[in-house]
Amino acid sequence: MNVILAVKQYITKMIEDAGPGMKVLLMDKDTTSIVSMVYAQSEILQKEVYLFERLDVANRETMKHLKCICFVRPTADNVSLLSLELRSPKYGLYYICKGLTKFLHTYYAMLLLSCTVV
């Protein structure tokens, strides 16, 4: 299978799962490169993705009318940044890619197991 096509289908599925309406794609440094490699900006605009933001940029504007699709790698840094984001949400709804949600479950389970109960 063509790798570029497979990645494009994965991103398309994430966008479609968010449903109709204006969307923002929240990415990290690496996933930003991935998206730009498989989609032209005009092509992704047709899928109602109007804004592209980086998770590591702190001074993003609050836009509660947008749905946020989180496409970030499952790293400890991204988990920390996403936790901060969700404590003070800038967008109306959040959709988190499956790979990251599985990582979050494992990551927090490991944190709980490493904590001592008093």
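So, here's what we can say about the structure. It should be emphasised that the depicted structure is a prediction, and the values quoted were computed from it without experimental measurement. (Residues numbered from 1 in each chain as written. Predicted model: local features only at pLDDT ≥ 70, side-chain atom pairs only at ≥ 80, totals over all residues. Heavy atoms only, no water.)

## With respect to the packing of helix 1 (residues 3-17) against helix 2 (residues 29-38)
So, step 1. Here helix 1 crosses helix 2 at 110°, and the two axes come no closer than 10 Å. Considering their axes alone, helix 1 and helix 2 lie roughly perpendicular with respect to each other. On helix 2, the residues touching Ile4, Val7, Lys8 and Ile11 of helix 1 are Ile34, Val35, Met37 and Val38.
So, step 2. Looking at the contact of helix 1 with helix 2 residue by residue, the class counts come to seven nonpolar, no polar and one charged. (Axes fitted to C-alpha atoms, helices over the stretch in contact; angles between N-to-C directions. Helix = DSSP H or I, 4+ residues; strand = E, 2+ residues; numbered from the N terminus. Parallel < 35°, antiparallel > 145°, perpendicular 65-115°, else oblique. Contact = heavy atoms within 4.5 Å. Nonpolar A, V, L, I, M, F, W, Y, C, P; charged D, E, K, R; others polar.)

## Observations concerning unusual backbone geometry
So, step 1. Backbone geometry places glutamate 48, a non-glycine residue, at a positive phi of 70°.
So, step 2. With respect to the helices and strands, glutamate 48 occurs in the loop between helix 3 (41-45) and strand 2 (49-54).

## Some details on the pattern of salt bridges
So, step 1. Summed over the entire model, instances satisfying the criterion amount to eight salt bridges.
So, step 2. Linking glutamate 43 and lysine 8 is a salt bridge whose minimum nitrogen-to-oxygen distance equals 2.6 Å. Residue glutamate 43 is located in helix 3, and its partner lysine 8 is located in helix 1; the two are separated by 35 residues in the primary sequence.
So, step 3. By relative accessible area, which is 27% here, glutamate 43 ends up partly exposed.
So, step 4. For lysine 8, a relative accessible area of 22% translates into the label partly exposed.
So, step 5. In this structure, the salt-bridge partner of lysine 13 is aspartate 17, at a minimum N-O distance of 2.8 Å. A residue pair is termed a helical-turn pair when its members lie 3 or 4 positions apart in one helix, as lysine 13 and aspartate 17 do in helix 1 at four residues.
So, step 6. Accessibility expressed as a relative area gives 46% for lysine 13, which makes it partly exposed.
So, step 7. Where salt bridges share partners, they join Asp28, Asp30 and Arg73 into one cluster. (Salt bridge = Lys/Arg side-chain N within 4 Å of Asp/Glu carboxyl O. Buried < 20%, exposed > 50% of the residue type's maximum accessible area, 1.4 Å probe, protein only.)

## Here we look at the nonpolar core
So, step 1. Membership of the largest hydrophobic core comes to 14 residues, with the highest contact counts inside it found for Ile11, Leu25, Val35, Ile44 and Phe71.
So, step 2. Those elements that provide at least two residues to this core are helix 1, strand 1 (23-27), helix 2 and strand 3 (63-71).
So, step 3. The element contributing the most residues to this core is helix 1, with three residues.
So, step 4. Once residues lying within four places of it in the same chain are set aside, the contact partners of isoleucine 44 are Ile15, Leu25, Val35, Tyr39, Val49 and Phe52.
So, step 5. Counting 11 residues, the second largest nonpolar core, distinct from the first, contains Leu26, Cys70, Val72 and Tyr91. (Core = buried A, V, L, I, M, F, W, Y, C linked by side-chain atoms within 4.5 Å.)

None of this, on its own, says anything about what the molecule does.
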